[in-house]
Amino acid sequence: MLQIGGILCVFVMVFGGFLISGGHLEVVLEALPHEMIVIGGAAVGQLLISSDMATLKGLGGDFSKLIAGPKWKKQDYQDLLALLFALTKLVKSKGVVALEPHIEKPEESTLFGRYPRIMKDHFAVAFICDTFRMTTMNLDDPHQIEDAMETQIEKHHHEALRPAHALQSMADALPALGIVAAVLGIIKTMGAITEPPEKLGMMIGSALVGTFMGVFLAYGFVGPFSQRLQAIHNEEGQFYRIIKDVMVAHLHGNAAQVSIEIGRGAVPGSLQPTFAQLEEAVQQAVAEA
């Protein structure tokens with residue numbers, strides 16, 4: 001909702017200020033269609049040239065996040081910590097053999113099945129299961145596990161940010177493409193140099209709309225959209241870092257309760273469950289086990 005308000009604010013302030021100062025929108029509206037063909041078409045072409053299909057698909061999927069925001073909510077972080085508590089507690093009490101059915105087929109696991117939103121994130125589930133699987137193969141050095149997990153997180157985060165970087169590349173190109181449209185308009189005007197001054201003024205004004213639109217779109221919309229997506233993915237990436245923090249704490253020999261408390265400390269402040277809320281969620285997970 002905040003983003004919709006921001007979009008409306010940009011339009012109202014820019015065009016409202018133009019009208020209040022005595023400007024006429026007719027010139028802008030008349031030039032807008034063909035200027036947008038040049039600027040918008042070239043921007044889309046630039047995006048296609050610089051991106052691969054995976055990035056373009058990711059960009060399409062990311063647009064919904066501009067309004068909805070990060071997919072992980074406060075309850076999801078609480079559920080994640082409760083799930084990790086149940087898994088680490090199981091290892092502590094019954095050994096890694098008891099864990100194998102849950103990590104080999106998480107879709108059939110009663111522990112994972114309690115948290116359907118986490119189950120929908122294939123990377124999160126695979127990340128947890130693969131890390132526990134490494135420990136069953138006698139790779140229990142916390143530092144090696146931490147390095148391996150950090151590598152996976154960085155790779156996933158880099159791939160998730162590609163659409164946002166592609167959008168930023170478009171934002172960087174738009175002002176220059178606006179100048180291209182303006183230059184083409186000036187060339188057209190110079191071809192009609194014998195026309196009356198009134199008509200030449202309209203043609204020059206139309207040409208300058210290209211420069212205006214390039215800068216307006218870049219700094220008013222596309223650039224902020226890219227920054228918003230980067231912020232969203234950075235916050236979502238913290239979800240996976242919490243998994244790493246809990247797993248590393250567990251491998252250092254900490255009790256399950258201590259491990260998830262370390263993970264709770266890494267939850268973004270506005271989404272962090274209290275100690276009492278997490279304790280209640282853990283007790284419920286134990287009761288359902």
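Refer to the structure above for everything that follows.
Now for a description of the structure that goes with this document. Source: prediction; values computed, not measured.

1. Overview of the overall build of the protein
- A tally of regular secondary structure across the protein gives 14 helices and zero strands.
- Reading the protein from its N terminus to its C terminus gives the helix and strand order α-α-α-α-α-α-α-α-α-α-α-α-α-α.
- At 27 Å, the protein has a C-alpha radius of gyration far larger than the 19 Å of a compact globule built from 289 residues.
- With respect to the three principal axes, the spread of C-alpha positions in the protein is 90 × 35 × 30 Å.
- In the protein, which comprises 289 residues, the share counted as buried stands at 42%.

2. Some details on helix α13 (residues 256-264)
- Those residues of α13 that fall on the buried side of the exposure criterion are Ala256, Ser259, Ile260, Gly263 and Arg264. One side of α13 holds all its buried residues, which, seen down the axis, span an arc of 145 degrees.

3. Focus: the nonpolar core
- One finds Ile128, Tyr240 and Ile243 to be the most contacted residues of the largest nonpolar core, which totals 45 residues.
- Mapped onto this core, the elements with two or more residues apiece are α5 (74-94), α6 (96-104), α7 (110-113), α9 (122-136), α10 (142-160), α12 (197-251), α13 and α14 (275-288).
- For this core, the element with the most residues is α5, which contributes 11 residues.
- Aside from chain neighbours lying at most four places away, what touches isoleucine 128 is Leu80, Leu83, Leu84, Leu87, Phe112 and Ile243.

4. Considering a nonpolar patch on the surface
- On the surface, Ile179, Val180, Val183, Leu184 and Ile187 cluster together to form a nonpolar patch covering roughly 440 Å² of accessible area.
- Checked against the element boundaries, valine 183 lands in helix α11 (residues 162-190).

5. As for the side chain of glutamine 78
- With respect to the element layout, glutamine 78 can be found in helix α5.
- For glutamine 78, the residues in contact, after removing those within four places along its chain, are Pro273, Gln277, Leu278 and Ala281.

6. Section: the packing of α9 against α10
- Packing of α9 against α10 leaves a shortest axis separation of 11 Å and a crossing angle of 160 degrees. Between α9 and α10, the crossing angle belongs to the class labelled roughly antiparallel. As α9 packs across α10, the resulting crossing turns out to be right-handed. For the pair α9 and α10, contact is made by Phe123, Phe127, Thr131 and Met134 and by Ile145, Ala148, Met149, Gln152, Ile153 and His156, respectively.
- Taken together, the residues that form the contact of α9 with α10 break down as seven nonpolar, three polar and no charged.

7. Digging into the packing of helix α3 (residues 53-62) against α11
- Relative orientation of the contacting elements α3 and α11 amounts to 90 degrees, with a least axis distance of 8 Å. Relative to α11, the element α3 lies roughly perpendicular. In contact with Thr55, Gly58, Leu59 and Asp62 of α3, α11 contributes Arg162, Pro163, Ala166 and Leu167.
- Here the residues of the contact of α3 with α11 sort into four nonpolar, two polar and two charged.

8. Overview of α11
- Taking 1.5 Å as the rise per residue, α11 with 29 residues should run 42 Å; its terminal C-alpha atoms sit 42 Å apart, in good agreement.
- If you look at α11, its biggest bend is around 35 degrees, right at leucine 174, and the proline proline 175 turns up within four residues after that.

9. Comments concerning the packing of aromatic side chains
- This structure, assessed with the given rule, holds 13 aromatic pairs.
- With 3.8 Å between their ring centres and 5 degrees between their planes, tryptophan 72 and phenylalanine 239 make a pair best called stacked. Separated by 167 residues along the polypeptide, tryptophan 72 in the loop between α4 (65-68) and α5 and phenylalanine 239 in helix α12 bring together distant segments of the chain.
- Ring plane angle 85 degrees and centroid distance 5.9 Å describe the contact between phenylalanine 239 and tyrosine 240, whose orientation is recorded as edge-to-face.
- Take phenylalanine 239: its relative accessible area is 0%, and that puts it in the buried class.
- Among the aromatic residues, those joined into a ring-pair cluster are Phe11, Phe15, Phe212, Phe216, Phe221 and Phe225.

Cut-off values and rules
Residues numbered from 1 in each chain as written. Predicted model: local features only at pLDDT ≥ 70, side-chain atom pairs only at ≥ 80, totals over all residues. Heavy atoms only, no water. Helix = DSSP H or I, 4+ residues; strand = E, 2+ residues; numbered from the N terminus. Rg over C-alpha atoms; globule rule 2.2 N^0.38 Å. Buried < 20%, exposed > 50% of the residue type's maximum accessible area, 1.4 Å probe, protein only. Arc of directions from axis to C-beta. Core = buried A, V, L, I, M, F, W, Y, C linked by side-chain atoms within 4.5 Å. Contact = heavy atoms within 4.5 Å. Patch = residues over 30% accessible without salt bridge, like charges linked within 9 Å, V, L, I, M, F, W, Y side chains within 5 Å. Areas by Shrake-Rupley, 256 points an atom, 1.4 Å probe, with all protein chains shown as cover. Salt bridge = Lys/Arg side-chain N within 4 Å of Asp/Glu carboxyl O. Axes fitted to C-alpha atoms, helices over the stretch in contact; angles between N-to-C directions. Parallel < 35°, antiparallel > 145°, perpendicular 65-115°, else oblique. Left-handed = near helix turned anticlockwise from the far one by under 90°. Nonpolar A, V, L, I, M, F, W, Y, C, P; charged D, E, K, R; others polar. Expected span 1.5 Å × (residues − 1). Bend = angle between axes of the 7 residues up to and from the residue. Phe/Tyr/Trp six-rings, centres within 6.5 Å; stacked < 30°, edge-to-face > 60°.

On their own, these measurements won't tell you what the molecule is for.
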